[in-house]
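Structure at a glance
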Amino acid sequence: MLRQSIVVTAGALALTLGGHRLLPELGGFTPVLESLLPWLGVAVPILLVCALATRSWQVIVAALVPATVWGLMFGPTLLRSPPGGPSDLSVATLNVGATNADSADAIRSVSRGRDLVAVQELTAGGPAAKVLDDRFPHRYRIATVGLWSRFPIAEARKADIGLDWARALRAVVVTPKGRVTVYVMHLASARPGQTAQRDETLAHARKMIDRDDSEHLLLLGDLNTATTDRKRSGLVPPLSDAQQEAGTGFGFTWPASFPVTRPDHILYRGMVATRAGVERAAGSDHRAAVASLRLASQAP
């Protein structure tokens, strides 16, 4: 019975890992599963120990199958080294938390040394915005989202992501190396069985990106969509992910006390990510996503 259980479990685990995109959404269960997909690897060493205890090479081989699938899927993420090199922009995005009493301390540490800072869940007249106003000469804010910049903002407006309230903006930042179009978004929340509105806002975001012909483009914010969520494939590609290109590890940002998934993203086009990572932010239930990028010229 032990041998059969190990073989069946190993097969199911390998199929779930490798074929998760083929699974039906199952009443909202699958998006949760995909958000936590890397954590299925926790079962691998347990299976291997149990397989070794059986002293059956067939069972051991079966237990190695999900280990191999997990390694192929996530091994490069754990082994990747940042490319490094010169950069033109240092950026950060943080869901500061609407009820965060320490928002000033959070944003003070996250914004240090940055050129661009995107913030979600801002409160009207809150301390986070005041700290950013003092630190950055240029800003654009609409409702609970905002962008602060060390460089001039040439134009800015609300961006429509299909919600009845404003949670996204578009701005054009004039850097010494060229103009950068920056989107800051806080997409609709995703909960088990309740992802339809999030999916609609993702579709709106993709349409905006497709219509925007800017050479250099950044999308910063809380997208409420994990890196391993199948729905994120609507944005990556055509955009690239700074954490996946230049970060180390998974870069989980939520919940801050023990991050298990990454809903916060720095996506880009027309640039090269040189470094990426995650930073703690006092009082917020998210950690900040940060990255350094170098502007790239379009090929003639």
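What comes next is a walk through the structure. Remember, predicted model here, so these are calculated numbers, not experimental data.

The next point concerns the nonpolar core. Leu89, Val91, Val182 and Leu218 are the most contacted members of the largest nonpolar core, which totals 28 residues. Among the elements that make up this core, the one with the highest residue count is strand β12 (residues 288-295) (4 residues). Beyond its immediate stretch of four places on either side in the chain, Leu89 contacts Asp115, Leu116, Phe151, Thr175, Val180, Leu218, Met271, Ala291, Ser292, Leu293 and Leu295.

Within the open sheet, the 6 strands sit side by side as β3-β4-β2-β1-β12-β11. Their pairing is mixed. Whereas interior strands pair on both sides, the edge strands pair on one side only; in this sheet they are β3 (138-142) and β11 (271-279). Going from strand to strand, the sheet's axes swing by 15 degrees on average, the running direction of each strand aside. Examined bridge by bridge, strand β2 (residues 116-120) and strand β4 (residues 145-149) share 4 bridges and lie antiparallel to one another. Counterpart to Val119 in the pairing with β4 is Gly146. Contacting β1 (89-95), β2, β11 and β12, helix α5 (residues 103-111) crosses the sheet at an angle of about 160 degrees to β1.

Glancing now at helix α4 (residues 57-79). For α4, spanning 23 residues, the distance from its first C-alpha to its last is only 29 Å, which falls clearly below the expected 33 Å at 1.5 Å a residue. Largest kink in α4: about 45 degrees, centred on Met73, with the proline Pro76 one to four residues after it. Buried within α4 are the following residues: Val59, Ala62, Ala63, Pro66, Trp70, Phe74, Gly75 and Thr77.

Conventions used here
- Residues numbered from 1 in each chain as written.
- Predicted model: local features only at pLDDT ≥ 70, side-chain atom pairs only at ≥ 80, totals over all residues.
- Heavy atoms only, no water.
- Core = buried A, V, L, I, M, F, W, Y, C linked by side-chain atoms within 4.5 Å.
- Buried < 20%, exposed > 50% of the residue type's maximum accessible area, 1.4 Å probe, protein only.
- Helix = DSSP H or I, 4+ residues; strand = E, 2+ residues; numbered from the N terminus.
- Contact = heavy atoms within 4.5 Å.
- Pairing = 2+ DSSP bridges.
- Axes fitted to C-alpha atoms, helices over the stretch in contact; angles between N-to-C directions.
- Expected span 1.5 Å × (residues − 1).
- Bend = angle between axes of the 7 residues up to and from the residue.

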